[in-house]
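Understanding the architecture of this molecule
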Amino acid sequence: MSLLPDQRITSALSPDAAGGPPPRLSVLEPGGLQRIRSQLSVAGEIPIIPADVRKRQERRILAEDPQWNLAPVEKLSDACMRVIVKNFEQRPILRGIPQKYRERVLSSISVDLPLPIAGPLIPDDESYWRRRAAARFKNPEPARHGKSWKRLFFELHMRETIESFIPRSPFACGAATRNLQRQPAQPVQSKMGADPLGIKQLEDLIGFSLSVLPTSGAWSITFPTAVATSGDGHTDAEDVARGREALARLISDLRLASPFVQALNLEQLRPSAPPEGVQVKATDPRPDHIDLLLLSAYLPHLTELSLVYGVRDCGINFDWKQFGMTLADAQSLSHTCLMACLRKLSIRMSGIDDDKCRLIAAALIENRSVSELDLSHNKIGDGGARGLAKVLATAGSRLTQLNLANNRIGPLGAKSIGFALADPNRGLNLRMNRIADTGGAELLTCLTRNVTLRTLDLSCNALNGPLIVPAFCALLRHASPALITVDMSCNRLGSSGVASGSSIGVDATSPGAVSVPIIGDANGLEGVKPQTGGDGDLEGKMIFEAITQNKYVTTLDLRVTELSQEYLIAIQATINEVSC
């Protein structure tokens, strides 16, 4: 009977037939394996040694720990990097580390490092800031932030911080004295008298003292230390303390993000909270918001600012007082325009009326850096439009893009903007206003003298009178080569419509008539001229003849204008020729 492989060594080490004791042999002691083999060779058996026993037998060094081996010992460089990564928060070290090891350290450190450590120390490294941004924000897009992951992270971080900031006792009074670095766009010769920036008014408004240090030229902002008391005797010492703490955190984040933030897109600004225990009445004024002077002071590289004075996702706590800019907010924004190096400024859906718009316009007159202004979806009327017209007419103004869509601008405001529109302007958007036929005609007449305007949007402006079409045709004939995009949609330019079944050169009642869309693909229709006999669309004919004399307009939107389909498709075919 043959023995199993596991029983061969056991049988060799079993006691003999005489019942004597088994030999004391071990494969682990020196020479044990050879003696076992010699005994088994006598019986003609080949020993089968387990793999773990064979590995331990072949080791050069025998240790007390059977699991110990020389192979798993890590390199000294790996051990150093592991220690640096483990203790990076307590001892942040990057200087002096070779580049090949530095990249491995940055790819291994935690994304939860405190920003005061990671911000100044870790450069714009793709691996670390990309990992940190992806772990915190949803679908980050570095293309919108200068293709820099570090800038993306700090701009989105400051956006969340400012949007969640709730000023208390207004604008968080009660903090200690702090220095605010002044960063004006350039020296300004003000025309506002002895108080050019309105510092005294700002002090009375927000409850702190703001002055210029004579030695360093920095702004010194001092908050009162007295405890505020409401009209019913309520002492809000705790509110002052909370406001001081919240302001300290905000200023700390602003200082940390100062070198990296260049653009802020704030989709909400929370209003100031009333003192605890004070019930807000329906007759109380609208609460103010954060003082933007802090942003201009602590973010010297800020060039793009977009604001919405409102609250998102308010739910059952909805209140109309949470939406809209106050007069104090407008004053704060005007001071920010004087100090900051803004290039793009956008205040949308914030309830800006004529008074607030004139305050902003007064500051923009002194500003020499803002080139794009977006005040769409507000309540600006003719008074505010005249104030902005003064900005456009100011010598040295760099305003080239003006968006006033969805406001309340009438004929007088449109006329003022048309007369003041200077040559540097390249874009004008007056969509969804009330300029009517007279205002639109005067505006278009003024634009014939402009040689730099590239885009014009006058859609949805009730342009339905007899003056608008001749003025529009004159603009198309005499426009400069710069004008390439015009939008006149949703205006009643035509006096009579044509049935949707009509087609070019084919009677709608004849057999084989083909329905053509209003604005469709006009490829293959080059040189097509509509048959004008009997259709009565004089306005369409005038626009068609004017566009044939223009060789520069590549986009012309005439949807929902009650022009006949024949002329609409013929106009589109002419534009296609220019585009090709």
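Before reading on, note that the structure itself is shown above.
Residues numbered from 1 in each chain as written. Predicted model: local features only at pLDDT ≥ 70, side-chain atom pairs only at ≥ 80, totals over all residues. Heavy atoms only, no water.

**Digging into the overall build of the protein chain**
Spelled out, the test is: Labels follow the DSSP assignment, with helices taken as runs of H or I lasting at least four residues and strands as runs of E lasting at least two, numbered in each case from the N terminus. Each residue gets one of three labels from its accessible area relative to the maximum for its type: buried under 20%, exposed over 50%, partly exposed in between, using a 1.4 Å probe on protein chains only. Only heavy atoms enter the contact rule, under which two residues are in contact if any of them lie within 4.5 Å. To be clear on the numbers: accessible area is Shrake-Rupley with a 1.4 Å probe, and residue cover counts the displayed protein chains and nothing else.
In terms of regular secondary structure, the protein chain is built from 20 helices and 12 strands. The buried share of the protein chain, taken over its 580 residues, is 43%. Contacts in the protein chain between residues at least 24 apart in sequence constitute 76% of all its contacts with a sequence separation of at least 6. Within the structure as shown, the protein chain displays about 30,100 Å² of accessible surface, and the carbon and sulfur contribution to it stands at 53%.

**Notes on the side chain of Thr-574**
By the secondary structure assignment, Thr-574 is in helix α20 (residues 565-579). With residues near it in sequence (within four places) discarded, Thr-574 still touches Phe-544, Ile-547 and Thr-548.

**Details of the pairing of strand β6 (residues 344-347)**
Successive residues of a regular strand alternate their side chains across the two faces of the sheet. Quick reminder of the rule: When DSSP locates at least two bridges between a pair of strands, those strands are taken to pair. By definition, the crossover connecting two strands over a helix is right-handed if that path, from the first strand to the second, turns clockwise as seen with the strands pointing away from the viewer.
Alignment of strand β5 (residues 304-307) against β6, held across four bridges, turns out to be parallel. In the sheet register, Glu-304 faces β6, and the bridge partner there is Lys-344. Viewed along the sheet, the connection from β5 through helix α13 (residues 327-339) into β6 turns out right-handed. By the bridge criterion, three bridges tie β6 to strand β7 (residues 372-374) in an arrangement that is parallel. Each bridged residue has a counterpart across the sheet, and for Ser-346 the counterpart in β7 is Asp-374. The β-α-β motif built from β6, the intervening helix α14 (residues 354-366) and the parallel element β7 has right-handed crossover chirality.

**Comments concerning a positive patch on the surface**
As a reminder of what qualifies: Here a patch means residues that are over 30% exposed by relative accessible area and free of salt bridges, tied together within 9 Å if like-charged and within 5 Å if nonpolar (Val, Leu, Ile, Met, Phe, Trp, Tyr). Any carboxyl oxygen of Asp or Glu that lies within 4 Å of a side-chain nitrogen of Lys or Arg is treated as forming a salt bridge with it. Note on charges: Lys and Arg go in the positive column, Asp and Glu in the negative column, and His and the chain ends are not counted at all. Throughout, a charge is located at the NZ atom of Lys, the CZ atom of Arg, the CG atom of Asp or the CD atom of Glu.
On the surface, a cluster of positive charge is made up of Arg-286, Lys-379, Arg-408 and Arg-434. Tracing the backbone through its elements, the reader meets Arg-434 in the loop between β9 (427-429) and α17 (436-447).

**A few points about the pattern of salt bridges**
Applying the stated criterion across every chain yields a total of 18 salt bridges. The residue Glu-267 makes a salt bridge to Arg-159 at a minimum N-O spacing of 3.0 Å. Taken together, the residues Glu-267 in the loop between β4 (263-265) and α12 (293-298) and Arg-159 in helix α8 (residues 149-163) connect sequence positions 108 residues apart. Measuring nitrogen to oxygen at the nearest pair gives 3.8 Å for the salt bridge that ties Asp-457 to Arg-431. Note that Asp-457 is positioned in strand β10 (residues 455-457) and Arg-431 in the loop between β9 and α17, a separation of 26 residues in sequence. Classification of Asp-457 as buried rests on a relative accessible area of 14%.

**Focus: the environment of Cys-580**
Topologically, Cys-580 is positioned in the segment after α20. You can call Cys-580 exposed: its relative accessible area is 85%. Residues Cys-580 and Thr-554, spaced 26 residues apart in sequence, show a C-alpha to C-alpha distance of 9.2 Å.

**Examining the packing of aromatic side chains**
Applicable threshold: The aromatic pairing rule takes the rings of Phe, Tyr and Trp, using the six-membered ring of Trp, and pairs them if the centres are within 6.5 Å, calling planes under 30 degrees apart stacked, those over 60 edge-to-face and the rest tilted.
Scanning the entire structure with this criterion turns up 10 aromatic pairs. Summarising the aromatic geometry, the rings of Tyr-128 and Trp-129 are spaced 5.1 Å apart at their centres and angled 80° between planes, so their arrangement reads as edge-to-face. Residue Trp-129 is classed as buried on the basis of its relative accessible area of 0%. A ring pair is formed by Trp-129 and Phe-154, whose centres lie 5.6 Å apart and whose planes are at 50°; its orientation type is tilted. One end of the pair, Trp-129, is in helix α7 (residues 126-136); the other, Phe-154, is in helix α8, and 25 residues separate them in sequence. Residue Trp-129 shares its accessibility class with Phe-154, and that shared class is buried. Connected via pairs of aromatic rings, a cluster forms that spans Tyr-128, Trp-129, Phe-137, Phe-153, Phe-154 and Phe-260.

**Some thoughts on the sheet that holds β10**
What counts here: Here an axis means a line fitted to C-alpha atoms, over the contact stretch when the element is a helix, while the angle between two N-to-C directions is reported on a 0 to 180 degree scale.
The strand order β4-β5-β6-β7-β8-β9-β10-β11-β12 describes an open sheet built from nine strands, whose pairing is parallel. Looking at strand neighbours, the two that pair on one side only are β4 and β12 (555-557), the edges of this open sheet. Taking the axes of each pair of neighbouring strands and ignoring which way they run, one obtains an average angle of 5° across the sheet. Here strand β8 (residues 401-403) pairs with β9 via three bridges, running parallel. Counted as the bridge partner of Asn-403 is Asn-429 from β9.

**Structural notes on the packing of helix α4 (residues 76-86) against helix α5 (residues 99-106)**
Which entries qualify depends on this criterion: Here the angle decides the label: under 35 degrees means roughly parallel, over 145 means roughly antiparallel, 65 to 115 means roughly perpendicular, and every other value means oblique. Here is the rule for handedness: rotate from the far helix to the near one, and if that takes an anticlockwise turn smaller than a right angle the crossing is left-handed, while a clockwise turn gives right-handed.
Two elements in contact, α4 and α5, have axes whose closest approach is 10 Å; the angle formed by their N-to-C orientations is 40°. Of the possible angle classes, the one that applies to α4 and α5 is oblique. In the packing of α4 onto α5, the handedness of the crossing is right-handed. Here α4 contributes Ser-77, Asp-78, Met-81, Ile-84 and Val-85 to the contact with α5, which in turn contributes Tyr-101, Arg-104 and Val-105.

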